[in-house]
Amino acid sequence: MKFLDTETKNNVLQSMINIIDKKRDEILAENKKDLDAFERDDQALYDRLVVNQGKIDGMITAIRQVKGQDDPVGKKISELKLDNGLEVINKTDPFGTIMIIYESRPDVTIEAAVLAFKANNKILLKGGREAYNSNKVLVKCWHEALQQNNLDKDWIKMLEMNRDETQEFLRNPTEKLDLIVPRGGERLIDFVKQHAKCAVLISGRGNNFMYISPEADWNKTIKVLLNAKTDKTSACNALDNILIDKNIPNYEEKLKDLKSILTEKGVEIIVDNKTKKVLSDLEEMESVKVWKEEFLAMKILIGTAEDSKEAIELINEHSGKHSAIIMTEDKNDAIAFMEQIDSAAVYQNASSRFTDGGAMGVGAELAISTDKLHHRGPLGLKQLTTNKYYVFGDGQTRD
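## With respect to the overall build of the chain
- When helices and strands are counted, the chain shows 13 helices and 17 strands.
- Computed over C-alpha atoms, the radius of gyration of the chain comes to 24 Å, within 12% of the 21 Å expected from 2.2 N^0.38 for 399 residues, which places it in the range of a compact globule.
- Counting only C-alpha atoms and orienting by the principal axes, one finds that the chain spans roughly 70 × 65 × 40 Å.
- Every one of the 399 residues in the chain was classed for burial, and the buried ones make up 53%.

## Overview of the nonpolar core
- Ile100, Ile123 and Leu366 are the most contacted members of the largest nonpolar core, which has 50 residues in total.
- For this core, the elements supplying multiple residues, two or more each, are helix 1 (6–22), helix 4 (53–68), strand 3 (97–102), helix 5 (107–118), strand 4 (122–126), helix 6 (132–148), strand 5 (156–158) and strand 6 (179–183).
- Of all the elements, helix 5 adds the most residues to this core, at eight residues.
- Filtering out sequence-adjacent residues up to four positions away, isoleucine 100 remains in contact with Val108, Ala112, Ile123, Leu124, Leu125, Lys126, Val181, Arg183 and Leu366.
- Among the nonpolar cores identified, the runner-up in size contains 29 residues, and Ala216, Leu226, Val267 and Tyr347 belong to it.

## Examining a negative patch on the surface
- Together, Glu39, Asp41, Asp42, Asp47 and Glu103 make up a region of like negative charge exposed at the surface.
- Position of glutamate 103 relative to the elements: it lies in the loop between strand 3 and helix 5.
- Overall, the relative accessible area of 31% leaves glutamate 103 in the partly exposed class.

## Quick word on the sheet that holds strand 8 (residues 208–212)
- Across the sheet, seven strands lie side by side as 11-10-12-9-8-13-14; this open sheet has parallel pairing. With partners counted over all chains shown, the strands left at the sheet margins are strand 11 (283–284) and strand 14 (345–348), one partner each.
- Its contacts with the sheet put helix 9 (residues 218–230) on strand 8, strand 9 (239–245), strand 12 (299–305) and strand 13 (323–327), and the angle it makes with strand 9 is roughly 160°.
- The strands touched by helix 12 (residues 308–318) within the sheet are strand 8, strand 9, strand 12 and strand 13, with strand 8 carrying the most contacts at an inclination of about 175°.

Thresholds, definitions, all that
Residues numbered from 1 in each chain as written. Predicted model: local features only at pLDDT ≥ 70, side-chain atom pairs only at ≥ 80, totals over all residues. Heavy atoms only, no water. Helix = DSSP H or I, 4+ residues; strand = E, 2+ residues; numbered from the N terminus. Rg over C-alpha atoms; globule rule 2.2 N^0.38 Å. Buried < 20%, exposed > 50% of the residue type's maximum accessible area, 1.4 Å probe, protein only. Core = buried A, V, L, I, M, F, W, Y, C linked by side-chain atoms within 4.5 Å. Contact = heavy atoms within 4.5 Å. Patch = residues over 30% accessible without salt bridge, like charges linked within 9 Å, V, L, I, M, F, W, Y side chains within 5 Å. Areas by Shrake-Rupley, 256 points an atom, 1.4 Å probe, with all protein chains shown as cover. Salt bridge = Lys/Arg side-chain N within 4 Å of Asp/Glu carboxyl O. Lys, Arg positive; Asp, Glu negative; His and termini not counted. Charge placed at Lys NZ, Arg CZ, Asp CG, Glu CD. Pairing = 2+ DSSP bridges. Axes fitted to C-alpha atoms, helices over the stretch in contact; angles between N-to-C directions.

Right, here's the structure in full:
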């Protein structure tokens, strides 16, 4: 796709804001079709599917925020004048065509497209069939905004494919494809990694841990824990596992306190064999594989660590590399833990629910990347560019 100037891109985004605001009733009606057809066998998926007035307000806010951000394309990263006279300039450049595969959440149809478009990328949207009508009407709004500004509808394209057709498209794309971002559970990610022939940026899976050290403030710990676990269980940044250090003062009493507080909040608790010795009436985890599960529900696993070293090893072996928390009042212990944990975001005394573009100051996000290349953490506007070297010469040749 051709390079667009900032004014043109922002005009499209303003048109989109106006169109969504005018078509609220139509968007809600199409979303209701999806909700009515959904079998409530997966509450987390259902929760992500819901669009209401607040969600529409959020869509508009996301577009407005991106519209207000600096254009990320063509920014100078570095500039060198070599001894041979060559002038070497490194600038940001669009990826080209980005494909995002996602489940449920219709608001991704807005956030992914607005970010990709502002960064001068074409985007292919492959949403789940459970959100078909919602995604369809939102893409229709995008096409209207593009056409109002005399631009091709192909900038933002909805792929209407079943699983087999998607698999074949990944293996043999019928159009240029530069990057794929699967945003969803482990099965979706594995499916894309297995079949894709271009670069894949992994995102979407949580399975987050909290380690409670002997130096933790207990009241602070409970406050952070409850927010991380119960604020939004369907989010990838929700808490799944707690590791409490056996050397914490009043270890047994605090385990019992945890059980009482979480049970009162309606959280189902399972425990490892060490914790079972204290909380004997709770169900013990079936196998070590449970440490790797992302619950996306009011469910949590409580385990006991011999020390911080064991906690770090267990987290690095089993977590989804998304977010991890240490509760401690000792800053040096916190830094040592955070440096050794292999996750996109690490926290001292704060909820993992902050692993979000808006909450971390990035703005609207395409996804939360748990990859190390080309970026880890929230994929915001700046992260949807690559780079290109511009080399200016005057007849130089290399010996």
